[in-house]
There are 2 protein chains.
Amino acid sequence: MARHAGVSPSTVSYVLSGKRSISESTARRVRESIEALGYEPHAGARSLASRRSNVIALVVPLREDVHVPAAMRFAVSVVTAARSHDHDVLLLTQGEGPDGLRRVAAGAMVDGVVVMDVAADDARVPVLRSLGLPSVLIGVPEDTEGLTCVDLDFAAAGAACVEHLAELGHTDVAFVGQPPSVYERRSGFAERTVAGFERAARERGVRVTLHPCEPDTAREVAAGLVRDRPGLTGLIVHNEPSVVPLLDAFEEHGRVPPELSVVVMGSITPRLPHLTSVELPAEELGGRAVGLLMDKIEGEDVSGVTLLEPTLSVRESTATAP
Amino acid sequence: MARHAGVSPSTVSYVLSGKRSISESTARRVRESIEALGYEPHAGARSLASRRSNVIALVVPLREDVHVPAAMRFAVSVVTAARSHDHDVLLLTQGEGPDGLRRVAAGAMVDGVVVMDVAADDARVPVLRSLGLPSVLIGVPEDTEGLTCVDLDFAAAGAACVEHLAELGHTDVAFVGQPPSVYERRSGFAERTVAGFERAARERGVRVTLHPCEPDTAREVAAGLVRDRPGLTGLIVHNEPSVVPLLDAFEEHGRVPPELSVVVMGSITPRLPHLTSVELPAEELGGRAVGLLMDKIEGEDVSGVTLLEPTLSVRESTATAP
DNA sequence: GAAGGCTGTCGAAGCGCTTCGATGACGTGC
DNA sequence: GCACGTCATCGAAGCGCTTCGACAGCCTTC
């Protein structure tokens, strides 16, 4: 490569990195050679010499109860964002547990890591602390001391749903939530949604009840609500896969929007474009997480919790309380 | 590291790789030091010296019409299989197009690549050929010369559905397929399913018609079939997200299994355990693909097309024709 | 008991980069 | 016109491994 351009290897390196000034004529010659040869620096050599791999790890959950399309959207946005910062993405599953993190960190395979779906008492958090590897968490654990976390402000999202309904005059609302297992493992986003929603309900004097749900039990949940809550006029659904079976079941009981006001949380609206919803901004979250990680890799102190403001989009499924 | 164990660096390397015999006593000492220090070889140094990165790339599709949970299952199984061969997985999306492949190949970032969701006239195939990078395709393009491909035998799967219904005496069957865009881009699996299913129908003298479908149009498809095909007794559905809306729509017309026999292709049965189905063995496909890729990286000639035999599981949704 | 063959280990070279100090070729200021 | 910056480039060292050849010690074999 250096030979083809008639310069020394160090010059090529400086053209590529821009760490020293190079005359425009030389730089052009080097770039032409790069083009002509289809040259790509050897990643291993580069990481050995520079102590940077230009790779970040992404730890994806593989639990049954996570919403897969959302996780995938997220993963793709992380890859896209990483590429725009000249990094690649190594895919880590939980198969190896925290040991996988140790391995890639100790072997200098990655410069940093993005961890998805962090629970309140997540076992990976202490590992990350001890590793000294730059990391950004999606989700917020209990103790965020020294960590960098990004997430949707689920408390605000939960509250926004209640407030929207309260403003429309609803006073009797049900919250159909995640599967029970999600609450049991103390998934941060689920807990915070409930907290925000309960706080807002208290403030607004709205009667609310919480109902964990899965697609298979949606029918029963709906039947139970119709039976036990005759005054119910509002429904908040925080469980994407259950939205369709749930609303179908309500429909069978003659309860349909907008007579029954429905707000969904998640990104199901491309499929059901008439539903009032709070969307999960997966792409923005991925981009933010990667951006923060890049800063952290550069040595900046970016610790702290970034919560994205939720946006509630009002559509046809909510209306003034009857 | 070598110092801690009181041996030379080369000895450590030989203990790790097993490429030369090392006395058990020395080997033990080295392993103890590794353990004690939490030592992990520097990945870059290793790849520079050995010309092996121990990383494979996985190219995932990000089209709207691929079934995301299936893709995810697949991706996870590739990671798991790769780890069992001591490799990691670099996640590539189509964002960069074929250039991403070039980049990771030229930079020696990966030892090989698994490409998902290959179409009959896939643009990545010529790139792969020219790169000389070991690769395994999931899906079968038109010209497989010199390639290694793995897939479910979709033709056999399509045929199996028809044969099962034919054996039960059905003579009037509809095939509800993928969204139109899938056929338009000549996705191999969709074409081959249709081919297998049409061949079997011809051989068995079964009347069949093909109906592309999306979740949003499932209702209309069902209505159309009820209206135009009064003699219809069998339904084959090759479109996971549409299964539920489609069957719901049929139910509204009073057509339910087993009076109407239904066979689904895909892995929706954990959710709907009463449906006769042909499952997509995503995990096995991932494992096979990685296994073949590893052999290819070792220099074996593994070119050829591996088609996994489909298994039809008979359940309650199919019965003798009325 | 000398020649030859194994085994187990070491030393050194080299993988392809980055980075640091050095250096030559220029201007600049007085 | 000489000392002194500045700019552009080079050479060499070194990153932490793998691998190859060498070799010491030991066991066979006639």
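Residues numbered from 1 in each chain as written. Chains lettered and ligands numbered in written order. Predicted model: local features only at pLDDT ≥ 70, side-chain atom pairs only at ≥ 80, totals over all residues.

Counting its secondary structure elements, chain A contains 13 helices and 12 strands. Projected onto its principal axes, the C-alpha positions of chain A cover 85 × 40 × 35 Å. Of all 322 residues assigned to chain A, the portion counted as buried reaches 46%. A separation of at least 24 residues holds for 74% of the contacts in chain A among residues at least 6 apart in sequence. (Helix = DSSP H or I, 4+ residues; strand = E, 2+ residues; numbered from the N terminus. Buried ≥ 20, exposed ≤ 12 C-beta atoms within 10 Å, placed from the backbone. Contact = placed C-beta atoms within 7 Å.)

Let us look at the sheet that holds strand 8 (residues 234–237) of chain B. All names here are of chain B. Read from one edge to the other, the open sheet built from 6 strands follows the order 7-6-8-9-10-12, with strand pairing classed as mixed. If you trace the sheet from one side to the other, it starts and ends with strand 7 (207–211) and strand 12 (312–313), each paired once. Docked against the sheet, helix 8 (residues 154–167) engages strand 6 (172–176), strand 8, strand 9 (261–265), strand 10 (276–278) and strand 12, running at close to 165° with respect to strand 9. Taken strand by strand, helix 12 (residues 240–252) contacts strand 6, strand 8 and strand 9, and its axis lies near 155° from that of strand 8. (Pairing = 2+ DSSP bridges. Axes fitted to C-alpha atoms, helices over the stretch in contact; angles between N-to-C directions.)

Quick look at the protein's contact with DNA strand D now. Surveying the vicinity of DNA strand D reveals 28 residues, the closest of which are A:Ser10, A:Ser21, B:Ser10, B:Ser13 and B:Ala49. Listed by contribution, the elements that provide at least two residues to the surface near DNA strand D are helix 2 (9–17) and helix 4 (43–50) of chain A together with helix 2 (9–17) and helix 4 (43–50) of chain B. For the surface near DNA strand D, the element with the most residues is helix 2 of chain B, which contributes 6 residues. The class makeup of the residues in the surface near DNA strand D is 14 nonpolar, 11 polar and 3 charged. (Near = placed C-beta within 6 Å. Nonpolar A, V, L, I, M, F, W, Y, C, P; charged D, E, K, R; others polar.)

What follows concerns the nonpolar core. Nonpolar side chains in soluble globular proteins generally cluster together in the buried interior. A:Leu58, A:Val114, B:Leu58 and B:Val114 are the most contacted members of the largest nonpolar core, which has 186 residues in total. Setting aside its immediate chain neighbours within four residues, B:Val114 contacts B:Ile56, B:Leu58, B:Val78, B:Val136, B:Ile138, B:Ala289, B:Val290 and B:Leu293. (Core = buried A, V, L, I, M, F, W, Y, C linked by C-beta atoms within 7 Å.)

The subject of this paragraph is the relation of the copies chain A and chain B. For these two chains of identical sequence, chain A goes onto chain B by a turn of 180° and a shift of 0.0 Å along the axis, with RMSD 0.1 Å. The symmetry that links the two subunits is that of a two-fold axis. With an isologous cut-off of 70% or more, the 100% of interface residues of chain A that recur at the interface of chain B puts this contact in the isologous class. (Least-squares fit on C-alpha atoms with pLDDT ≥ 70 in both.)

It is worth spelling out the packing of helix 6 (residues 98–106) of chain B against helix 7 (residues 124–131) of chain B at this point. Residues and elements named next belong to chain B. Two numbers describe how helix 6 lies on helix 7: the axes approach to 9 Å, and their chain directions differ by 15°. In terms of axis orientation, helix 6 runs roughly parallel to helix 7. Note that helix 6 runs across helix 7; the crossing there is right-handed. Residues Pro-98, Leu-101, Arg-102 and Ala-105 of helix 6 pack against Arg-124, Val-127, Leu-128 and Leu-131 of helix 7. The residue inventory of the contact of helix 6 with helix 7, partitioned by class, reads 6 nonpolar, no polar and 2 charged. (Parallel < 35°, antiparallel > 145°, perpendicular 65-115°, else oblique. Left-handed = near helix turned anticlockwise from the far one by under 90°.)

Residues and elements named next belong to chain B. Checked against the element boundaries, Leu-272 lands in the loop between strand 9 and strand 10. Classification of Leu-272 by C-beta neighbours within 10 Å gives partly exposed; the count is 16. For the pair Leu-272 and Val-244, spaced 28 residues apart in the sequence, the C-alpha separation amounts to 8.9 Å.

Once that is clear, we can look at the domain arrangement of chain A. Domains assigned within chain A are domain 1 (2–41), domain 2 (55–151 + 281–307) and domain 3 (154–280). Computed over C-alpha atoms, the centres of domain 1 of chain A and domain 2 of chain A are 34 Å apart. (Domains from an automatic or database assignment.)

Okay, the interface of chain A and chain B next. Listed by partner, the interface residues are 34 residues for chain A and 34 residues for chain B. If you list the elements that add at least two residues to the side of chain A that touches chain B, you get helix 4, helix 5 (68–84), strand 2 (88–92) and helix 6 (98–106) of chain A. Residue contributions to the side of chain A that touches chain B peak at 7 residues, all from helix 5 of chain A. By residue class, the composition of the side of chain A that touches chain B is 18 nonpolar, 9 polar and 7 charged. Two strands pair when backbone bridges link them, and strand 2 of chain A and strand 2 (residues 88–92) of chain B are joined in this way by 3 bridges, in the antiparallel orientation.

What follows deals with the environment of B:Arg204. Residue and element names in this part refer to chain B. If you trace the backbone, Arg-204 turns up in helix 10 (residues 188–204). Under the C-beta neighbour-count criterion, Arg-204 is labelled partly exposed, with 17 such atoms within 10 Å. Counting along the chain gives 38 residues from Arg-204 to Ala-166, while the straight-line C-alpha distance between them is 6.7 Å. Among all residues touching Arg-204, those that are not within four sequence positions of it are Val-162, Glu-163 and Ala-166.

Let's shift gears to the protein's contact with DNA strand C. Close to DNA strand C lie 27 residues; A:Ser10, A:Ser13, A:Ala49, B:Ser10 and B:Ser21 are nearest. Residue assignment for the surface near DNA strand C shows that the elements contributing at least two residues are helix 2 and helix 4 of chain A together with helix 2 and helix 4 of chain B. Looking at the surface near DNA strand C element by element, the count peaks at 6 residues for helix 2 of chain A. Split by residue class, the surface near DNA strand C holds 13 nonpolar, 11 polar and 3 charged.

To continue, consider the sheet that holds strand 10 (residues 276–278) of chain A. Residues and elements named next belong to chain A. The 6 strands are arranged 7-6-8-9-10-12 in an open sheet whose pairing can be described as mixed. Since the sheet does not close on itself, it has two edges, and those belong to strand 7 (207–211) and strand 12 (312–313), each with one partner. For strand 9 (residues 261–265) and strand 10, the ladder comprises 3 bridges, and the chain directions are parallel. Its bridge partner being in strand 10, Val-264 is matched across the sheet by Ser-277. Along the sheet face, helix 12 (residues 240–252) touches strand 6 (172–176), strand 8 (234–237) and strand 9 and points at about 155° away from the line of strand 8.

A few words now on the pairing of strand 5 (residues 148–152) of chain A. Residues and elements named next belong to chain A. A large share of strand 5 lies buried, amounting to 5 of its 5 residues. The alternating pattern of strand 5 places Thr-148, Val-150 and Leu-152 on one face and Cys-149 and Asp-151 on the opposite face, and all of these are buried. For strand 4 (residues 135–138) and strand 5, the ladder comprises 2 bridges, and the chain directions are parallel. By the bridge assignment, Ile-138 is partnered in strand 5 with Val-150. Pairing analysis gives 5 bridges linking strand 5 to strand 11 (residues 304–308), with the strands arranged parallel. When the sheet's bridge partners are listed, Asp-151 is paired in strand 11 with Leu-307.

To continue, consider the pairing of strand 3 (residues 112–115) of chain A. All names here are of chain A. Here strand 3 shows two buried faces, one formed by Gly-112 and Val-114 and the other by Val-113 and Val-115. Bridge count for strand 1 (residues 55–59) against strand 3 is 4 bridges, and the pairing is parallel. Bridging from a neighbouring strand, Leu-58 pairs with Val-114 of strand 3. Of the pairings in the sheet, the one linking strand 3 to strand 4 comprises 3 bridges and is parallel in character. In the sheet register, Val-115 faces strand 4, and the bridge partner there is Leu-137. Tracing the backbone out of strand 3, into helix 7 (residues 124–131) and back to the parallel element strand 4 gives a crossover that is right-handed. (Right-handed = clockwise from strand over helix to strand, strands pointing away.)

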